[in-house]
Amino acid sequence: MEQIVFSTLRLPAFNKVLDNLWRLNFDPTVAQKGQPRHLKAKPLKNSVKTLDQKSLHQLAIRYVERYATSRKKLADYLHRRIRERQWQDEDPPAVEQLIERFVAQGYIDDALYAQNKASALVRRGYGTRRVSHALYQAGISEADGRRAFQISEENKWVAAEKFARKRKIGPYAEGEQDPDKCRKQLQAFLRAGHDFDLASRFVFAKPGEQITFED
């Protein structure tokens, strides 16, 4: 008797499942309205369009409009998009010619990019080695990076003080730091691109101690 009552109680639910299955097979437009989200058919994505010289130029224009960039960074971006979307023109991609045109038009200036990058990193508390690494990644030549290196070197004290203040290190700490904490702070200073002597002066300074710049 118990088994019969149980089957009778579940019968409406079973009928509802059959009804949903029937609607899914024969009336998908109606069935989709009542389906859970995970059962709804997903629309097909549009196929990725291939590139030609015109669309490559448009990509480059949009990139330099949105980002400050260098020759190398723009070249890397365009080559990556060509690999992703493939090339359909009979002639090979004129990436280098396009970049040279942008340089002539003033859209790309590696020296100016390097100076702005160095200034931005100094304001964030990064040292000369970190600036040098960033310019290397951007493909900046020695000639174009000369003034940027000067900016970093001339402001290394400002950058170190900024870093110490942000991290509450040395004179900006709230209290005495144990040796293990000082060691970790020194490593952080070095990772930020500062030299060992300058980093040590801040890390091992007492809270509230006045530190003056020395050449």
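Residues numbered from 1 in each chain as written. Predicted model: local features only at pLDDT ≥ 70, side-chain atom pairs only at ≥ 80, totals over all residues. Heavy atoms only, no water.

1. Some remarks on helix H10 (residues 179-191)
Here comes step 1: If you check H10, its first and last C-alpha atoms are 18 Å apart, about what 13 residues at 1.5 Å a residue would give, namely 18 Å.
Here comes step 2: Residues Cys182, Gln185, Leu186, Ala188 and Phe189 constitute the buried set of H10. Take H10 and look down its axis: the buried residues cluster within an arc of 160°, on one side only.
Here comes step 3: Residues of H10 that are buried sit in contact with helix H9 (156-167) and helix H11 (196-203).
Here comes step 4: The N-cap residue of H10 is Asp178: its side-chain oxygen and the backbone nitrogen of Asp180 are 3.1 Å apart.
Here comes step 5: Gly193 lies just past H10 and shows a positive phi near 95°. (Helix = DSSP H or I, 4+ residues; strand = E, 2+ residues; numbered from the N terminus. Expected span 1.5 Å × (residues − 1). Buried < 20%, exposed > 50% of the residue type's maximum accessible area, 1.4 Å probe, protein only. Arc of directions from axis to C-beta. Contact = heavy atoms within 4.5 Å. Polar contact = N/O pair within 3.5 Å; in protein donor to acceptor, adjacent residues only side chain to side chain.)

2. Regarding the environment of Ala143
Here comes step 1: Relative to the elements of secondary structure, Ala143 occurs in helix H8 (residues 142-154).
Here comes step 2: Residue classification places Ala143 among the exposed positions, given a relative accessible area of 52%.
Here comes step 3: Distance from Ala143 to Asp110, taken between C-alpha atoms, is 9.7 Å for residues 33 residues apart in sequence.

3. Comments concerning a positive patch on the surface
Here comes step 1: On the surface, Lys73, Lys117, Arg124, Arg130, Lys162, Lys166, Arg167 and Arg191 cluster together into a patch of positive charge.
Here comes step 2: It is H9 that provides the largest number of residues to the positive patch, a total of 3 residues.
Here comes step 3: Structurally, Lys73 is set in helix H4 (residues 71-85).
Here comes step 4: Take Lys73: its relative accessible area is 32%, and that puts it in the partly exposed class. (Patch = residues over 30% accessible without salt bridge, like charges linked within 9 Å, V, L, I, M, F, W, Y side chains within 5 Å. Areas by Shrake-Rupley, 256 points an atom, 1.4 Å probe, with all protein chains shown as cover. Salt bridge = Lys/Arg side-chain N within 4 Å of Asp/Glu carboxyl O. Lys, Arg positive; Asp, Glu negative; His and termini not counted. Charge placed at Lys NZ, Arg CZ, Asp CG, Glu CD.)

4. Side note on unusual backbone geometry
Here comes step 1: Although it is not a glycine, Gln86 adopts a positive phi angle of roughly 70°.
Here comes step 2: Owing to a relative accessible area of 53%, Gln86 belongs among the exposed residues under this scheme.
Here comes step 3: Positioned with a positive phi, Lys168 is a non-glycine residue whose angle comes to about 55°.
Here comes step 4: Of note, Lys168 is situated in the loop between H9 and H10.
Here comes step 5: Given the relative accessible area of 46%, Lys168 is considered partly exposed.

5. Some remarks on the side chain of Ser152
Here comes step 1: Position of Ser152 relative to the elements: it lies in helix H8.
Here comes step 2: In contact with Ser152, other than residues within four places in its own chain, are Val122, Gly127, Thr128 and Val131.

All we've got here are geometric facts, nothing functional implied.
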